[in-house]
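Notes for the structure review
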Amino acid sequence: MQLTFENNNIVDVEGMCQVFSYLKNIDKLEGINFRCNNFNERLIEALADGIRMKKELRVRAFVD
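All of the points below concern the structure found in this document. (Residues numbered from 1 in each chain as written. Predicted model: local features only at pLDDT ≥ 70, side-chain atom pairs only at ≥ 80, totals over all residues. Heavy atoms only, no water.)

1. Quick look at the pattern of salt bridges
Put simply, the rule reads: By convention in these notes, a salt bridge is any Lys or Arg side-chain nitrogen within 4 Å of a carboxyl oxygen on Asp or Glu. Starting at the N terminus, helices and strands are each numbered in turn, a helix being any DSSP run of H or I of at least four residues and a strand any DSSP run of E of at least two. The buried label applies to any residue whose accessible area, calculated with a 1.4 Å probe on protein chains only, is under 20% of its type's maximum; exposed applies above 50%, and partly exposed to all values in between.
Considering all chains together, one arrives at three salt bridges under this definition. Linking Glu14 and Arg42 is a salt bridge whose minimum nitrogen-to-oxygen distance equals 2.1 Å. Of this pair, Glu14 sits in helix α1 (residues 13-22) while Arg42 sits in helix α2 (residues 41-51); the two residues are 28 residues apart in sequence, bridging distant segments of the chain. Among the residues examined, Glu14 registers a relative accessible area of 38% and is labelled partly exposed. The class of Arg42 is partly exposed, set by a relative accessible area of 44%. The partner of Arg52 in a salt bridge is Asp49, and the shortest N-O contact between them spans 3.3 Å. Overall, the relative accessible area of 51% leaves Arg52 in the exposed class. One salt-bridge network, in which partners are shared between bridges, spans Lys24, Asp49 and Arg52.

See below:
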């Protein structure tokens, strides 16, 4: 599975936290691409929880 998340203005922070936390249940997570999103600390913590202990994960992050 690959997740691309680009140019989003996140309105439902709780819902996105649930999505990011759920990533830990996906066996094969090959890549995540992020660019120009308004992530706050809560979203970053949920994402970290979701990708923790992945055996292989390729991440591309762009900061403008």
